[in-house]
Amino acid sequence: MAVEEMEKKIKGSQETELHKNDLSIEDPSPRCVLEIPVMSSDSDNSSSCSSCSPDKSSSPLSTTPPNVSSFHQWNKMIESIKKKSIRRFSVIPLLASYELTRKKKQPKLSPCSENDFDCDQILVAKPSWRNFTFDELVAATDNFNPENMIGKGGHAEVYKGVLPDGETVAIKKLTRHAKEVEERVSDFLSELGIIAHVNHPNAARLRGFSCDRGLHFVLEYSSHGSLASLLFGSEECLDWKKRYKVAMGIADGLSYLHNDCPRRIIHRDIKASNILLSQDYEAQISDFGLAKWLPEHWPHHIVFPIEGTFGYLAPEYFMHGIVDEKTDVFAFGVLLLEIITGRRAVDTDSRQSIVMWAKPLLEKNNMEEIVDPQLGNDFDETEMKRVMQTASMCIHHVSTMRPDMNRLVQLLRGDDQLAEQKPGGARTVSLDDCDLDHTSSSYLNDLTRHRQLLME
Ligand SMILES: Nc1ncnc2c1ncn2[C@@H]1O[C@H](COP(=O)(O)OP(=O)(O)OP(=O)(O)O)[C@@H](O)[C@H]1O
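Computed from a predicted structure; not experimentally measured.

Asks: Outline the pairing of strand β7 (residues 206-210), listing residues and values.
Replies: With respect to burial, β7 is a largely interior element, four of its five residues being buried. Where strand β3 (residues 130-131) and β7 come together, two bridges link them in parallel fashion. Considered in β7, the bridge of R130 is made with G208. Relative to strand β8 (residues 216-220), β7 is paired through four bridges, and the arrangement is antiparallel. In the strand pairing of β8, L206 is matched with L219.

Below, the structure written as structure tokens:
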């Protein structure tokens, strides 16, 4: 499709979107990250931020394009995508006296204006990732040999590959062709923008990307694959020590995303298949395809359509589209239940949700019934109790009653003093303000509706 044609389409869709939703606030997820220096094989690794500079020709990206015409188109596409990034979301200012208590460890970034972000503040470090050519990916994966395919999700095929320096990587090739090209590129930039900023031992690490003949991410390889494959797809039982380590790792990773990352990131798709395990079973949160950056002063997002994975969706999210940190906290609780029980979030045969099944057992503290029979008695009872209590708090149907990730990390570690504190966190929103009737009967209705959706 010609770029001009695409720009027209983008403009058109912007107007339709605006008209449809009559919303006034932009999706905060900035799209400028691609314009930070990208190291190519022969680049000089110079560092600057072209989106902050009026002279686009000085973009480091332009020094080593894989292919000049495709690069030119790509650059234009980025510009059009930036225009398109006026995706509207509604925000309900639920709290008049919203507290900004998050800025603890790192200075947070404030938008220059409502729509601009000061890239100088964001792009402090030289990136450790680079732009790959398609030929480099072909060489690494033996021409995307099916034997090298290590995973397949709803949006991508993932191949194991080896780079010339001997490093093993995972190459994620985006495959979802149902979407319009500009929407796919926009999603790619959004995911890239987020993953490139994430820097934590418990989050997937980017090695590079490629937009030459398809959209690809090049990621650090996690040799044990996903938690889902180990919990549900393996004959061998994942022992408790590893399960506990994984639970702690995910908690640390989420705490970083919510509190300590240069921006406040909500993952929105925490689930067992999106947790990868390194050689030493260090959990790595992956797949930032649905992740959102939330400005500091927003209590939450309202999103539509609801995306994510059934079984992990918090009630306020699947009923009302409300997204904030507690969306991830709920999903984390479901994940803890999977780790404890060895059952899937939604049982494949009965379609029963693990939350519905586990709640009464958790209330009675029935360890015998709830613990994965494969584990036998081979687990630390104190740790198990802690994980059960933590899971129970995370899956509370009222989001404000769920602890925030910082507190959950401490609960999991066994800081008893913290267990005494009331749940919630800095962004506590009162239920009255929310105008959500989450009595237990309405919650049951919610769950029934959730289940019906599953059966459809
Ligand atoms: N870095 C990696 N190392 C090892 N295996 C990986 C890596 N990244 C992905 N995989 C494997 O590929 C699978 C699919 O990857 P991913 O979840 O990123 O794809 P997706 O299409 O975005 O998934 P979804 O359907 O959740 O949107 C993972 O569950 C995992 O088994």
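Asks: Any details on the site of the ligand? Residues and values, ideally.
Replies: Residues in close proximity to the ligand total 19 residues, the closest being G154, H155, A156, K172 and D287. For the ligand, a nitrogen atom lies 2.9 Å from a polar atom in the backbone of E220. Across the complex, the protein chains shield 90% of the 620 Å² of accessible surface that the ligand would expose by itself. Counting only elements with at least two residues in the shell around the ligand, the list comes to β4 (149-152), β5 (156-162) and β6 (168-174). Taken together, the residues of the shell around the ligand break down into six nonpolar, eight polar and five charged. Two domains each put at least three residues into the shell around the ligand: domain 1 (130-220) and domain 2 (225-416 + 441-455).

Asks: Before we move on, could you go through the pattern of salt bridges and cite the residues and values that matter?
Replies: A full pass over the atoms with the stated rule returns 17 salt bridges. The closest approach of N and O atoms between D212 and R213, which form a salt bridge, is 3.4 Å. Relative accessible area serves as the criterion here: at 6%, D212 is assigned to the buried category.

Asks: Please provide a residue-by-residue account of the pairing of β6, values included.
Replies: Summarising the sheet, β5 and β6 pair through seven bridges and their orientation is antiparallel. Opposite E157, over in β6, you have K173 as the bridge partner. Two successive antiparallel strands, β5 and β6, enclose a turn made up of five residues, where G166 displays a positive phi of approximately 95°. In this sheet, β8 lies alongside β6 in antiparallel orientation, the contact comprising five bridges. Note that in β8 the partner of I171 across the bridge is V218.

Asks: Pulling in residues and values, what's your account of the sheet that holds β6?
Replies: Read across the open sheet, the six strands follow the order β3-β7-β8-β6-β5-β4; overall the sheet is mixed. At either margin of the open sheet sits one strand with a lone partner, and together these are β3 and β4. Along the sheet, helix α4 (residues 134-141) makes contact with β3, β5, β6, β7 and β8, crossing β5 at roughly 75°. Contacting β6, β7 and β8, helix α5 (residues 181-197) crosses the sheet at an angle of about 160° to β7.

Asks: Explain the domain arrangement of the protein residue by residue, including any values.
Replies: For the protein, the assigned domains are domain 1 (130-220) and domain 2 (225-416 + 441-455). Between domain 1 and domain 2, the C-alpha centre-to-centre distance is 26 Å. For the pairing of domain 1 and domain 2, the buried interface totals around 1400 Å² over both sides, and the portion due to carbon and sulfur atoms is 61%. Three residues, I194, H197 and N202, lead the burial of domain 1 against domain 2; their summed loss comes to 41% of the area buried on that side. The interface formed by domain 1 and domain 2 contains one salt bridge. As a salt-bridge pair, D287 and K172 come within 3.4 Å of each other at their nearest N and O atoms. Top contributing element to the side of domain 1 that touches domain 2 by residue count: α5, with five residues. Here the side of domain 1 that touches domain 2 is composed, by residue class, of six nonpolar, five polar and three charged.

Asks: How would you summarise the packing of helix α12 (residues 381-394) against helix α13 (residues 405-413) if you had to cite specific residues and measurements?
Replies: Contact geometry for α12 and α13: axes closest at 8 Å, N-to-C directions at 155°. For the element pair α12 / α13, the angle class is roughly antiparallel. Considering how the two elements wind past one another, α12 and α13 form a crossing that is right-handed. Across the interface between the two elements, R386, V387, T390, M393 and C394 of α12 pack against L408, L411, L412 and R413 of α13.

Asks: Explain the side chain of R402 to me, using residue names and the numbers behind them.
Replies: Relative to the assigned elements, R402 resides in the loop between α12 and α13. Within the structure, R402 has its side chain in polar contact with the side chain of E316 (distance 2.9 Å). Engagement of the side chain of R402 in a polar contact is seen with the backbone oxygen of C394, the distance being 3.4 Å.

Asks: Explain the environment of V303 to me, using residue names and the numbers behind them.
Replies: Relative to the helices and strands, V303 resides in the loop between β13 (301-302) and α8 (315-320). V303 gets classed as buried once you look at its relative accessible area, which sits at 4%. The spacing of V303 and K173 is 130 residues in sequence and 26 Å in space, taken between C-alpha atoms.

Asks: Residues and numbers for the UniProt feature "binding site: ATP" (unreviewed entry) in the protein, please.
Replies: Here the UniProt feature "binding site: ATP" (unreviewed entry) sits at K173. Ignoring sequence-local partners within four residues, the contact set of K173 consists of F144, H155, A156, E157, Y159, L215 and H216.

Asks: Pulling in residues and values, what's your account of the environment of F310?
Replies: With respect to the helices and strands, F310 occurs in the loop between β13 and α8. Look at F310 and you get partly exposed, because its relative accessible area is 36%. Taking the C-alpha atoms as reference, F310 lies 10.0 Å from A331; in sequence the two are 21 residues apart.

Asks: Quick one: what's the story with the packing of aromatic side chains, residue by residue and with numbers?
Replies: Counting across every chain of the model gives six aromatic pairs. Seen in terms of ring centroids, W240 and Y244 are 6.2 Å apart; in terms of plane orientation they differ by 35°. Their pairing is tilted. Of this pair, W240 and Y244 both sit in helix α7 (residues 240-260), four residues apart, which is roughly one turn of the helix. Side by side, W240 and Y244 carry an identical accessibility label, which is buried. Sitting over the face of the ring of F144, K173 holds its NZ or CZ atom 4.5 Å from the ring centroid.

Reading the values: rules and limits
Residues numbered from 1 in each chain as written. Predicted model: local features only at pLDDT ≥ 70, side-chain atom pairs only at ≥ 80, totals over all residues. Heavy atoms only, no water. Buried < 20%, exposed > 50% of the residue type's maximum accessible area, 1.4 Å probe, protein only. Helix = DSSP H or I, 4+ residues; strand = E, 2+ residues; numbered from the N terminus. Pairing = 2+ DSSP bridges. Near = heavy atom within 4 Å. Polar contact = N/O pair within 3.5 Å; in protein donor to acceptor, adjacent residues only side chain to side chain. Areas by Shrake-Rupley, 256 points an atom, 1.4 Å probe, with all protein chains shown as cover. Nonpolar A, V, L, I, M, F, W, Y, C, P; charged D, E, K, R; others polar. Domains from an automatic or database assignment. Salt bridge = Lys/Arg side-chain N within 4 Å of Asp/Glu carboxyl O. Contact = heavy atoms within 4.5 Å. Axes fitted to C-alpha atoms, helices over the stretch in contact; angles between N-to-C directions. Buried area = accessible area lost by both parts, 1.4 Å probe. Parallel < 35°, antiparallel > 145°, perpendicular 65-115°, else oblique. Left-handed = near helix turned anticlockwise from the far one by under 90°. UniProt positions renumbered as here; feature names shortened; annotations may be inferred. Phe/Tyr/Trp six-rings, centres within 6.5 Å; stacked < 30°, edge-to-face > 60°. Lys NZ or Arg CZ within 6 Å of the ring centre and 35° of its normal.

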